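# Geometric and topological summary
Read off the chains here:
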Amino acid sequence: MVGKVFVTLKKEVLDPQGDTVRKSLHTLGYDQVEDVRVGKYIEVKLQGLTPEEARKKLEEMCSRLLANPVIEEYRLELLEDDAK
Amino acid sequence: MKFGVVVFPGSNCDADCYHVVDQVLGQPVEYIWHKDNSVKGFDALIIPGGFSYGDYLRTGAIARFSPIMQEVINFAEKGGLVIGICNGFQILLEAGLLPGAMLRNDSLQFRCRPVNLKVRTNNSPFTRLYQPGEVITLPIAHGEGNYFCDQETLNHLLEFDQIAFTYCDPAGQETPEANPNGSRANIAGILNRRRNVLGMMPHPERYSESLLGGEDGFRLFASMLQSFEGGI
(Lines give C-alpha, C1' and ligand atoms only; values in the text may rest on other atoms or scores of the structure.)
Protein backbone atom coordinates (compact mmCIF):
# COMPACT_ATOMS: atom_id res chain seq x y z
CA MET A 1 0.00 0.00 0.00
CA VAL A 2 1.32 3.47 -0.84
CA GLY A 3 0.25 6.70 0.78
CA LYS A 4 0.61 9.76 -1.41
CA VAL A 5 0.95 12.94 0.61
CA PHE A 6 0.70 16.38 -0.96
CA VAL A 7 1.87 19.20 1.28
CA THR A 8 1.24 22.83 0.32
CA LEU A 9 1.37 26.17 2.06
CA LYS A 10 -1.98 27.33 3.43
CA LYS A 11 -3.86 29.79 1.26
CA GLU A 12 -3.31 32.66 3.67
CA VAL A 13 0.46 32.06 3.68
CA LEU A 14 2.43 33.84 0.97
CA ASP A 15 4.37 31.47 -1.27
CA PRO A 16 7.33 33.43 -2.67
CA GLN A 17 8.49 30.40 -4.65
CA GLY A 18 5.09 29.93 -6.29
CA ASP A 19 4.92 33.63 -7.00
CA THR A 20 8.28 33.57 -8.76
CA VAL A 21 7.22 30.58 -10.87
CA ARG A 22 3.98 32.38 -11.76
CA LYS A 23 5.92 35.44 -12.95
CA SER A 24 8.21 33.22 -14.97
CA LEU A 25 5.24 31.50 -16.64
CA HIS A 26 3.86 34.94 -17.48
CA THR A 27 7.21 35.83 -19.05
CA LEU A 28 6.85 32.72 -21.22
CA GLY A 29 3.52 34.03 -22.41
CA TYR A 30 1.14 31.94 -20.31
CA ASP A 31 -1.10 34.86 -19.41
CA GLN A 32 -3.85 32.47 -18.35
CA VAL A 33 -1.90 31.50 -15.21
CA GLU A 34 -3.66 33.07 -12.28
CA ASP A 35 -1.77 31.54 -9.36
CA VAL A 36 0.97 28.97 -8.68
CA ARG A 37 1.61 27.18 -5.41
CA VAL A 38 4.75 25.08 -4.97
CA GLY A 39 4.48 22.17 -2.57
CA LYS A 40 5.93 18.79 -1.68
CA TYR A 41 4.97 15.31 -2.71
CA ILE A 42 5.82 12.45 -0.36
CA GLU A 43 5.29 8.72 -0.99
CA VAL A 44 4.99 6.51 2.07
CA LYS A 45 5.06 2.76 1.53
CA LEU A 46 3.17 0.85 4.22
CA GLN A 47 2.62 -2.76 5.11
CA GLY A 48 0.43 -4.82 7.44
CA LEU A 49 -2.41 -2.33 7.71
CA THR A 50 -5.97 -2.20 6.47
CA PRO A 51 -6.76 0.83 4.29
CA GLU A 52 -8.62 2.45 7.20
CA GLU A 53 -5.72 1.92 9.57
CA ALA A 54 -3.27 3.14 6.93
CA ARG A 55 -5.24 6.33 6.41
CA LYS A 56 -5.36 6.95 10.14
CA LYS A 57 -1.63 6.39 10.54
CA LEU A 58 -0.88 8.66 7.61
CA GLU A 59 -3.03 11.42 9.11
CA GLU A 60 -1.04 11.04 12.30
CA MET A 61 2.29 11.18 10.42
CA CYS A 62 1.17 14.30 8.60
CA SER A 63 0.19 16.17 11.73
CA ARG A 64 3.27 15.09 13.68
CA LEU A 65 6.00 15.41 11.10
CA LEU A 66 5.21 15.56 7.39
CA ALA A 67 3.39 18.91 7.51
CA ASN A 68 3.64 21.88 9.84
CA PRO A 69 0.06 22.88 10.69
CA VAL A 70 1.11 26.49 11.38
CA ILE A 71 1.90 27.12 7.70
CA GLU A 72 0.97 24.02 5.73
CA GLU A 73 -1.97 21.85 4.78
CA TYR A 74 -1.95 18.39 3.28
CA ARG A 75 -3.98 16.07 1.12
CA LEU A 76 -3.80 12.26 1.23
CA GLU A 77 -4.32 9.61 -1.37
CA LEU A 78 -4.07 5.90 -0.70
CA LEU A 79 -3.03 3.50 -3.40
CA GLU A 80 -3.97 0.02 -2.25
CA ASP A 81 -2.28 -1.76 -5.12
CA ASP A 82 1.31 -0.60 -5.12
CA ALA A 83 2.17 -2.43 -8.32
CA LYS A 84 2.86 0.57 -10.54
CA MET B 1 27.20 28.90 35.19
CA LYS B 2 27.46 25.81 33.04
CA PHE B 3 26.35 26.10 29.41
CA GLY B 4 25.50 23.22 27.09
CA VAL B 5 25.73 23.53 23.31
CA VAL B 6 23.51 20.96 21.59
CA VAL B 7 25.10 19.46 18.47
CA PHE B 8 23.08 17.87 15.66
CA PRO B 9 24.46 16.36 12.48
CA GLY B 10 24.74 19.50 10.34
CA SER B 11 25.11 22.07 13.13
CA ASN B 12 27.86 24.50 12.11
CA CYS B 13 27.78 27.32 14.66
CA ASP B 14 28.34 25.04 17.66
CA ALA B 15 32.07 25.81 17.88
CA ASP B 16 31.41 29.56 17.70
CA CYS B 17 28.95 29.37 20.59
CA TYR B 18 31.33 27.20 22.59
CA HIS B 19 34.16 29.65 21.96
CA VAL B 20 32.18 32.69 23.13
CA VAL B 21 31.05 31.03 26.36
CA ASP B 22 34.47 29.54 27.05
CA GLN B 23 36.84 32.32 25.97
CA VAL B 24 34.84 35.54 26.00
CA LEU B 25 32.31 34.97 28.78
CA GLY B 26 34.73 32.72 30.68
CA GLN B 27 32.20 30.16 31.82
CA PRO B 28 32.23 26.34 31.71
CA VAL B 29 30.69 24.86 28.58
CA GLU B 30 30.22 21.41 27.08
CA TYR B 31 28.88 20.01 23.85
CA ILE B 32 25.77 17.82 24.11
CA TRP B 33 25.35 15.28 21.31
CA HIS B 34 21.82 15.03 19.90
CA LYS B 35 21.61 11.34 20.83
CA ASP B 36 22.26 12.06 24.50
CA ASN B 37 19.26 11.96 26.74
CA SER B 38 20.25 14.06 29.70
CA VAL B 39 20.90 17.73 30.31
CA LYS B 40 21.65 17.21 33.97
CA GLY B 41 24.05 19.70 35.48
CA PHE B 42 23.53 22.39 32.85
CA ASP B 43 22.26 25.85 33.73
CA ALA B 44 21.57 27.04 30.19
CA LEU B 45 21.27 25.41 26.77
CA ILE B 46 22.25 26.83 23.40
CA ILE B 47 20.73 25.36 20.24
CA PRO B 48 23.19 26.61 17.62
CA GLY B 49 22.82 27.49 13.97
CA GLY B 50 23.56 25.33 10.99
CA PHE B 51 21.67 22.93 8.77
CA SER B 52 20.61 20.13 11.10
CA TYR B 53 19.76 17.02 9.07
CA GLY B 54 20.42 18.98 5.90
CA ASP B 55 17.21 20.99 6.40
CA TYR B 56 15.37 17.92 5.04
CA LEU B 57 11.57 18.17 4.95
CA ARG B 58 11.53 21.54 6.73
CA THR B 59 14.22 23.41 8.66
CA GLY B 60 14.40 21.95 12.16
CA ALA B 61 11.68 19.36 11.50
CA ILE B 62 13.87 16.28 11.92
CA ALA B 63 16.09 17.68 14.70
CA ARG B 64 12.98 18.36 16.71
CA PHE B 65 12.55 14.58 17.21
CA SER B 66 16.15 13.93 18.29
CA PRO B 67 16.39 12.23 21.71
CA ILE B 68 17.95 15.33 23.28
CA MET B 69 15.04 17.55 22.25
CA GLN B 70 12.63 15.96 24.72
CA GLU B 71 15.16 16.83 27.43
CA VAL B 72 15.45 20.38 26.10
CA ILE B 73 11.65 20.68 26.25
CA ASN B 74 11.56 19.37 29.84
CA PHE B 75 14.42 21.70 30.79
CA ALA B 76 12.56 24.69 29.33
CA GLU B 77 9.31 23.70 31.01
CA LYS B 78 11.10 23.72 34.35
CA GLY B 79 12.23 27.28 33.67
CA GLY B 80 15.76 26.57 32.39
CA LEU B 81 17.29 29.12 30.01
CA VAL B 82 17.22 27.98 26.37
CA ILE B 83 18.40 30.06 23.43
CA GLY B 84 17.99 28.95 19.82
CA ILE B 85 20.02 30.83 17.24
CA CYS B 86 19.18 30.68 13.51
CA ASN B 87 18.61 26.97 12.83
CA GLY B 88 18.23 26.66 16.62
CA PHE B 89 15.30 29.11 16.43
CA GLN B 90 13.78 27.03 13.63
CA ILE B 91 14.11 23.90 15.80
CA LEU B 92 12.45 25.60 18.80
CA LEU B 93 9.54 26.62 16.55
CA GLU B 94 9.15 23.07 15.24
CA ALA B 95 9.33 21.77 18.81
CA GLY B 96 6.52 24.09 19.85
CA LEU B 97 8.62 25.86 22.49
CA LEU B 98 7.98 29.09 20.60
CA PRO B 99 4.92 30.01 18.51
CA GLY B 100 4.91 30.41 14.72
CA ALA B 101 6.91 28.93 11.86
CA MET B 102 9.62 29.83 9.36
CA LEU B 103 9.12 30.35 5.65
CA ARG B 104 11.60 30.79 2.83
CA ASN B 105 12.96 34.37 2.64
CA ASP B 106 10.60 36.42 0.48
CA SER B 107 13.52 37.29 -1.81
CA LEU B 108 14.23 33.54 -2.21
CA GLN B 109 17.85 34.50 -1.58
CA PHE B 110 20.17 33.41 1.19
CA ARG B 111 20.93 36.57 3.15
CA CYS B 112 24.33 36.82 4.80
CA ARG B 113 25.26 40.26 6.16
CA PRO B 114 25.18 42.42 9.29
CA VAL B 115 21.75 43.94 10.01
CA ASN B 116 20.40 46.59 12.36
CA LEU B 117 18.17 45.29 15.12
CA LYS B 118 15.98 47.07 17.58
CA VAL B 119 15.94 45.66 21.09
CA ARG B 120 12.23 45.65 21.81
CA THR B 121 12.41 44.58 25.41
CA ASN B 122 15.09 44.28 28.05
CA ASN B 123 12.69 42.53 30.36
CA SER B 124 14.20 39.09 29.83
CA PRO B 125 17.18 37.09 31.10
CA PHE B 126 18.71 37.38 27.61
CA THR B 127 18.37 41.13 27.01
CA ARG B 128 18.60 42.80 30.42
CA LEU B 129 21.94 44.47 29.64
CA TYR B 130 20.54 46.25 26.56
CA GLN B 131 18.50 49.43 26.59
CA PRO B 132 14.91 49.10 25.36
CA GLY B 133 14.73 50.63 21.88
CA GLU B 134 18.48 50.42 21.44
CA VAL B 135 19.70 49.74 17.88
CA ILE B 136 22.38 47.07 17.67
CA THR B 137 24.17 45.31 14.80
CA LEU B 138 24.37 41.54 14.43
CA PRO B 139 25.01 39.35 11.39
CA ILE B 140 22.35 37.18 9.78
CA ALA B 141 23.00 34.15 7.56
CA HIS B 142 19.87 32.29 6.48
CA GLY B 143 17.64 31.28 3.61
CA GLU B 144 14.59 30.59 5.73
CA GLY B 145 14.18 33.33 8.28
CA ASN B 146 10.83 34.68 7.16
CA TYR B 147 8.97 34.45 10.45
CA PHE B 148 5.27 33.70 10.12
CA CYS B 149 2.47 33.57 12.65
CA ASP B 150 -1.25 34.24 12.46
CA GLN B 151 -2.79 37.51 13.64
CA GLU B 152 -3.93 36.08 16.94
CA THR B 153 -0.41 34.86 17.77
CA LEU B 154 1.05 38.22 16.77
CA ASN B 155 -1.43 39.98 19.06
CA HIS B 156 -0.32 37.74 21.91
CA LEU B 157 3.36 38.37 21.20
CA LEU B 158 2.68 42.11 21.32
CA GLU B 159 0.40 42.00 24.33
CA PHE B 160 2.86 40.02 26.44
CA ASP B 161 5.95 41.88 25.23
CA GLN B 162 7.44 38.72 23.72
CA ILE B 163 9.14 40.32 20.71
CA ALA B 164 12.81 40.59 21.65
CA PHE B 165 14.36 41.93 18.43
CA THR B 166 13.06 43.45 15.19
CA TYR B 167 14.85 44.34 11.95
CA CYS B 168 15.17 48.11 11.63
CA ASP B 169 17.04 50.89 9.85
CA PRO B 170 19.96 52.70 11.53
CA ALA B 171 17.49 55.14 13.11
CA GLY B 172 15.48 52.31 14.65
CA GLN B 173 12.53 52.48 12.24
CA GLU B 174 11.05 49.05 11.46
CA THR B 175 10.64 49.70 7.74
CA PRO B 176 9.90 47.13 5.01
CA GLU B 177 13.28 48.04 3.44
CA ALA B 178 15.06 47.07 6.66
CA ASN B 179 13.36 43.68 6.68
CA PRO B 180 15.81 41.21 5.08
CA ASN B 181 13.47 38.23 4.74
CA GLY B 182 9.82 39.24 4.84
CA SER B 183 9.27 38.38 8.51
CA ARG B 184 5.94 39.34 9.94
CA ALA B 185 6.16 42.68 11.83
CA ASN B 186 9.95 42.68 11.11
CA ILE B 187 10.37 40.04 13.82
CA ALA B 188 13.96 38.81 14.29
CA GLY B 189 13.64 37.17 17.71
CA ILE B 190 10.91 36.18 20.15
CA LEU B 191 10.54 35.01 23.73
CA ASN B 192 8.12 32.50 25.15
CA ARG B 193 5.50 33.70 27.57
CA ARG B 194 7.60 32.67 30.57
CA ARG B 195 10.61 34.53 29.10
CA ASN B 196 13.09 31.69 29.64
CA VAL B 197 13.22 30.63 25.97
CA LEU B 198 14.55 32.92 23.23
CA GLY B 199 14.70 32.21 19.51
CA MET B 200 16.47 34.57 17.14
CA MET B 201 17.70 34.48 13.53
CA PRO B 202 20.69 36.86 13.94
CA HIS B 203 23.94 35.46 15.35
CA PRO B 204 25.05 37.07 18.64
CA GLU B 205 27.93 34.57 18.88
CA ARG B 206 29.48 35.93 15.68
CA TYR B 207 29.54 39.50 17.01
CA SER B 208 30.83 39.05 20.53
CA GLU B 209 34.38 40.29 19.95
CA SER B 210 35.43 43.51 18.20
CA LEU B 211 38.11 41.52 16.38
CA LEU B 212 35.33 39.79 14.45
CA GLY B 213 33.57 43.00 13.43
CA GLY B 214 31.34 43.81 16.37
CA GLU B 215 30.55 42.99 19.95
CA ASP B 216 26.86 43.81 20.27
CA GLY B 217 26.12 40.12 20.73
CA PHE B 218 28.23 39.75 23.84
CA ARG B 219 25.75 41.46 26.16
CA LEU B 220 23.24 38.71 25.38
CA PHE B 221 25.52 36.07 26.89
CA ALA B 222 26.50 38.44 29.70
CA SER B 223 22.78 39.03 30.39
CA MET B 224 22.25 35.28 30.75
CA LEU B 225 25.14 35.07 33.22
CA GLN B 226 23.91 38.03 35.23
CA SER B 227 20.38 36.63 35.32
CA PHE B 228 21.69 33.30 36.54
CA GLU B 229 23.92 34.83 39.22
CA GLY B 230 21.16 37.15 40.33
CA GLY B 231 18.69 34.25 40.48
CA ILE B 232 16.89 35.65 37.37
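Remember, it's a predicted structure, so these values are computed and weren't measured experimentally.

### Topic: the overall build of chain B
Assigned secondary structure in chain B consists of five helices and eleven strands. A compact globule built from 232 residues should have a C-alpha radius of gyration of about 17 Å, and chain B, at 16 Å, falls within 12% of that. Taken over the C-alpha atoms alone, chain B extends approximately 45 × 40 × 35 Å along its principal axes. Looking at chain B as a whole, 52% of its 232 residues qualify as buried. A fraction of 75% describes how many contacts in chain B between residues 6 or more apart in sequence connect residues 24 or more apart.

### Re the sheet that holds strand β1 (residues 2-9) of chain A
All names here are of chain A. If you walk across this open sheet you meet the three strands as β2-β1-β3, and the pairing is antiparallel. With partners counted over all chains shown, the strands left at the sheet margins are β2 (40-45) and β3 (72-79), one partner each. Averaged over neighbouring strand pairs, the angle between their axes works out to 20 degrees when direction is ignored. The sheet contact formed by β1 and β3 spans eight bridges and is antiparallel. Bridged to Gly3 within β3 is Leu78. Docked against the sheet, helix α2 (residues 51-66) engages β1, β2 and β3, running at close to 155 degrees with respect to β3.

### What to know about the sheet that holds strand β11 (residues 197-200) of chain B
Residue and element names in this part refer to chain B. Strand order in the open sheet formed by nine strands is β2-β1-β3-β4-β11-β10-β9-β6-β7, with mixed pairing between adjacent strands. Taken across any chain shown, the strands that pair with only one partner, and hence form the sheet edges, are β2 (29-33) and β7 (135-142). Along the sheet, successive strands turn relative to each other by an average axial angle of 25 degrees, direction set aside. Here helix α3 (residues 87-94) sits on the sheet and contacts β3 (44-47), β4 (81-85) and β11; the angle it forms with β4, its principal contact strand, is near 120 degrees.

### Describing the environment of B:Lys40
Residues and elements named next belong to chain B. Structurally, the position occupied by Lys40 is in the loop between β2 and β3. Lys40 sits in the exposed class, given 7 other C-beta atoms within 10 Å. The spacing of Lys40 and Gly4 is 36 residues in sequence and 9.9 Å in space, taken between C-alpha atoms.

### Remarks on unusual backbone geometry
All names here are of chain B. For Cys86, which is not glycine, the phi dihedral falls at a positive 60 degrees. By the secondary structure assignment, Cys86 is in the loop between β4 and α3. Classification of Cys86 as buried rests on a count of 27 C-beta atoms within 10 Å.

### Concerning the interface of chain A and chain B
Facing the eight residues of chain A at the interface are nine residues of chain B. No other element matches helix α1 (residues 16-27) of chain A, which puts three residues into the side of chain A that touches chain B. Classifying every residue of the side of chain A that touches chain B gives five nonpolar, three polar and no charged.

### Thoughts on the nonpolar core
B:Val5, B:Val6, B:Leu45, B:Val82, B:Leu92 and B:Leu117 are the most contacted members of the largest nonpolar core, which has 71 residues in total. The element that contributes the greatest number of residues to this core is helix α2 (residues 67-77) of chain B, accounting for five residues. Residue contacts for B:Val5: discarding those within four places in its chain leaves B:Asp14, B:Cys17, B:Tyr18, B:Val29, B:Tyr31, B:Ile32, B:Ile46 and B:Pro48. Counting seven residues, the second largest nonpolar core, distinct from the first, contains A:Ala54, A:Cys62, A:Ala67 and A:Tyr74.

### Here's the deal with the pairing of strand β10 (residues 187-191) of chain B
Residues and elements named next belong to chain B. Burial analysis of β10 places five of its five residues in the buried class, the great majority of the element. Pairing of strand β9 (residues 163-167) with β10 involves three bridges; the strand directions are antiparallel. If you follow Thr166 over to β10, its bridge partner there is Ile187. Turn length for the β10-β11 hairpin, with the two strands adjacent in sequence and antiparallel, is five residues, and the turn residue Arg195 shows positive phi of about 70 degrees.

Thresholds applied
Residues numbered from 1 in each chain as written. Chains lettered and ligands numbered in written order. Predicted model: local features only at pLDDT ≥ 70, side-chain atom pairs only at ≥ 80, totals over all residues. Helix = DSSP H or I, 4+ residues; strand = E, 2+ residues; numbered from the N terminus. Rg over C-alpha atoms; globule rule 2.2 N^0.38 Å. Buried ≥ 20, exposed ≤ 12 C-beta atoms within 10 Å, placed from the backbone. Contact = placed C-beta atoms within 7 Å. Pairing = 2+ DSSP bridges. Axes fitted to C-alpha atoms, helices over the stretch in contact; angles between N-to-C directions. Nonpolar A, V, L, I, M, F, W, Y, C, P; charged D, E, K, R; others polar. Core = buried A, V, L, I, M, F, W, Y, C linked by C-beta atoms within 7 Å.

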